[in-house]
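# Examining the three-dimensional arrangement
For reference, the chains in residue letters:
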Amino acid sequence: MKQLRPGLTIVCLALLSACSSTQGLEPAVKTIVQTKYEFVLMPNDFIKPCSVSSHVVGDNASHSQYTAYLESVIDTCNEQLLRARSWNNANRD
């Protein structure tokens, strides 16, 4: 029994020295990317309806005036569409 005790002590010391010679653990680095989507409403100026007032056309003069009025309404609507498209393309990314 007396011979066993120094042998166990030597084995324990050898095991302890083996544990101390291991390399330290490097901390794990994790990069977490979280995508956040935000819904952005288009301004109301771009999507308001183009109103056309009804007009009674009697003669050729009033007909040409009403045609000019309708063309101006169409131009206004086209400007709104162009502004809406450019806003949409600018906010796409």
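### Focus: the overall build of the protein
- Helix and strand counts for the protein stand at three helices and zero strands.
- Each helix (α) and strand (β) of the protein, taken in turn from the N terminus, gives the series α-α-α.
- Buried positions account for 8% of the 93 residues belonging to the protein.
- For the protein, the accessible area works out to roughly 9100 Å², and carbon and sulfur atoms hold 59% of it.

### Considerations on the state of the cysteines
- Following the criterion strictly, the structure yields one disulfide and no others.
- One disulfide in the model links cysteine 50 with cysteine 77; its S-S distance is 1.6 Å. Placement of the pair is cysteine 50 in the loop between α2 (44-47) and α3 (60-90) and cysteine 77 in helix α3, with a sequence separation of 27 residues.
- Classification of cysteine 50 as partly exposed rests on a relative accessible area of 31%.

### A few points about the side chain of serine 62
- Tracing the backbone through its elements, the reader meets serine 62 in helix α3.
- Among the polar contacts listed, one links the side chain of serine 62 to the backbone nitrogen of glycine 58, at a separation of 3.1 Å.

### Considering α3
- Between its first and last C-alpha, α3 extends 45 Å over 31 residues, near the 45 Å set by a 1.5 Å rise per residue.
- Considering only its buried residues, α3 is in contact with α2.

### Description of the confidence of the model for the protein
- On average, the protein scores 80 in pLDDT, and the residues at 70 or more come to 86%.
- Per-residue pLDDT, averaged within each element of the protein, yields its smallest value for helix α1 (residues 4-20) (69) and its largest for α3 (88).

### Here's the deal with the environment of valine 73
- Tracing the chain through its elements places valine 73 in helix α3.
- For the pair valine 73 and serine 51, spaced 22 residues apart in sequence, the C-alpha to C-alpha distance is 7.7 Å.
- If near-sequence neighbours (up to four positions away) are discounted, valine 73 is found in contact with Cys50, Ser51 and Val52.

About the cut-offs
Residues numbered from 1 in each chain as written. Predicted model: local features only at pLDDT ≥ 70, side-chain atom pairs only at ≥ 80, totals over all residues. Heavy atoms only, no water. Helix = DSSP H or I, 4+ residues; strand = E, 2+ residues; numbered from the N terminus. Buried < 20%, exposed > 50% of the residue type's maximum accessible area, 1.4 Å probe, protein only. Areas by Shrake-Rupley, 256 points an atom, 1.4 Å probe, with all protein chains shown as cover. Disulfide = S-S within 2.5 Å. Polar contact = N/O pair within 3.5 Å; in protein donor to acceptor, adjacent residues only side chain to side chain. Expected span 1.5 Å × (residues − 1). Contact = heavy atoms within 4.5 Å. pLDDT = per-residue confidence, 0-100.

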